[in-house]
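One-letter residues, chain by chain:
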Amino acid sequence: MRELGFGPYLSQTFLAYPFATPDGSFTMTDSDDSSKIPSWDGSPDTYADYKRCVELLCDGTKTGDFPRLAPTLAQHLTGNAWTASADFDRTLMKQAGTAGVEYFLTRLFEGCTGT
């Protein structure tokens with residue numbers, strides 16, 4: 001079991017396994033660098049966990065990096081979430097501040113739940 005490093009904005013150390021559901025539908029992307037981008041497959045049962053991870057990621061993101069955050073999150077989607085994101089307005093995803101991420105999360109939830 002390997003620890004995930006989320007950077008200085010989270011004081012706790014999280015272990016890899018709590019972020020996976022029993023069916024494996026929610027995971028954290030693991031790479032060699034220190035950035036950890038959440039991934040989601042579109043399962044409505046795990047959306048709240050995904051959204052929370054995205055919000056925590058936003059808390060530790062520099063203001064100038066927000067325009068790249070939603071497109072980066074979209075790159076890590078799988079399954080129904082990836083399919084639902086196909087028609088997202090990429091210009092709106094790159095809005096300043098948290099507006100791009102808020103657009104992304106709203107459209108993603110609507111696209112995967114039909115609401």
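This text gives an overview of the structure that appears in the document.

Parameters and conventions
- Residues numbered from 1 in each chain as written.
- Predicted model: local features only at pLDDT ≥ 70, side-chain atom pairs only at ≥ 80, totals over all residues.
- Heavy atoms only, no water.
- Core = buried A, V, L, I, M, F, W, Y, C linked by side-chain atoms within 4.5 Å.
- Buried < 20%, exposed > 50% of the residue type's maximum accessible area, 1.4 Å probe, protein only.
- Helix = DSSP H or I, 4+ residues; strand = E, 2+ residues; numbered from the N terminus.
- Contact = heavy atoms within 4.5 Å.
- Salt bridge = Lys/Arg side-chain N within 4 Å of Asp/Glu carboxyl O.
- Axes fitted to C-alpha atoms, helices over the stretch in contact; angles between N-to-C directions.
- Parallel < 35°, antiparallel > 145°, perpendicular 65-115°, else oblique.
- Left-handed = near helix turned anticlockwise from the far one by under 90°.
- Nonpolar A, V, L, I, M, F, W, Y, C, P; charged D, E, K, R; others polar.
- Expected span 1.5 Å × (residues − 1).

**Focus: the nonpolar core**
Working step 1: Counting 23 residues, the largest nonpolar core has Trp40, Tyr50, Leu73, Leu77, Val101, Phe104 and Leu108 as its most contacted members.
Working step 2: At the level of elements, α1 (47–59), α2 (66–75), α3 (79–84) and α5 (99–113) are the ones that each hand at least two residues to this core.
Working step 3: In terms of residue count, α5 provides more of this core than any other element does, six residues in total.
Working step 4: Not counting residues up to four positions away in its chain, the partners in contact with leucine 77 are Trp40, Tyr50, Trp82, Ser85, Phe104 and Leu108.

**Description of the pattern of salt bridges**
Working step 1: With the rule as written, the count across this model stands at three salt bridges.
Working step 2: Between arginine 68 and aspartate 65 there is a salt bridge, with its nearest N and O atoms 2.5 Å apart.
Working step 3: On the basis of relative accessibility, which here comes to 52%, the residue arginine 68 falls in the exposed class.
Working step 4: Given the relative accessible area of 30%, aspartate 65 is considered partly exposed.
Working step 5: Here aspartate 87 and arginine 107 are joined by a salt bridge, their closest N and O atoms 3.2 Å apart. Remark: arginine 107 occurs in helix α5 and aspartate 87 occurs in the loop between α3 and α4 (90–93); sequence separation between them is 20 residues.

**Some details on the packing of α1 against α2**
Working step 1: Where α1 meets α2, the axes come as close as 12 Å, and the angle between the chain directions of the two elements is 155°. Our classification of the angle between α1 and α2 gives roughly antiparallel. You can see that α1 and α2 cross each other, and the crossing is right-handed. Facing α1, whose interface residues are Tyr50, Val54, Leu57 and Cys58, α2 presents Phe66, Leu69 and Leu73.
Working step 2: Looking at the contact of α1 with α2, its residues break down into seven nonpolar, no polar and no charged.

**With respect to the packing of α2 against α5**
Working step 1: Contact geometry of α2 with α5 gives a least axis separation of 7 Å together with a crossing angle of 25°. Viewed along their axes, α2 and α5 adopt a mutual orientation that is roughly parallel. Contact residues: α2 offers Phe66, Leu69, Ala70, Leu73 and Ala74, while α5 offers Gly100, Val101 and Phe104.
Working step 2: Of the residues contributing to the contact of α2 with α5, the split by class is seven nonpolar, one polar and no charged.

**Some remarks on α5**
Working step 1: For α5, built from 15 residues, the straight-helix expectation of 21 Å at 1.5 Å per residue is met to within 8% by its first-to-last C-alpha distance of 21 Å.
Working step 2: In the core, the buried residues of α5 are packed alongside β4 (38–40), α1, α2, α3 and α4.

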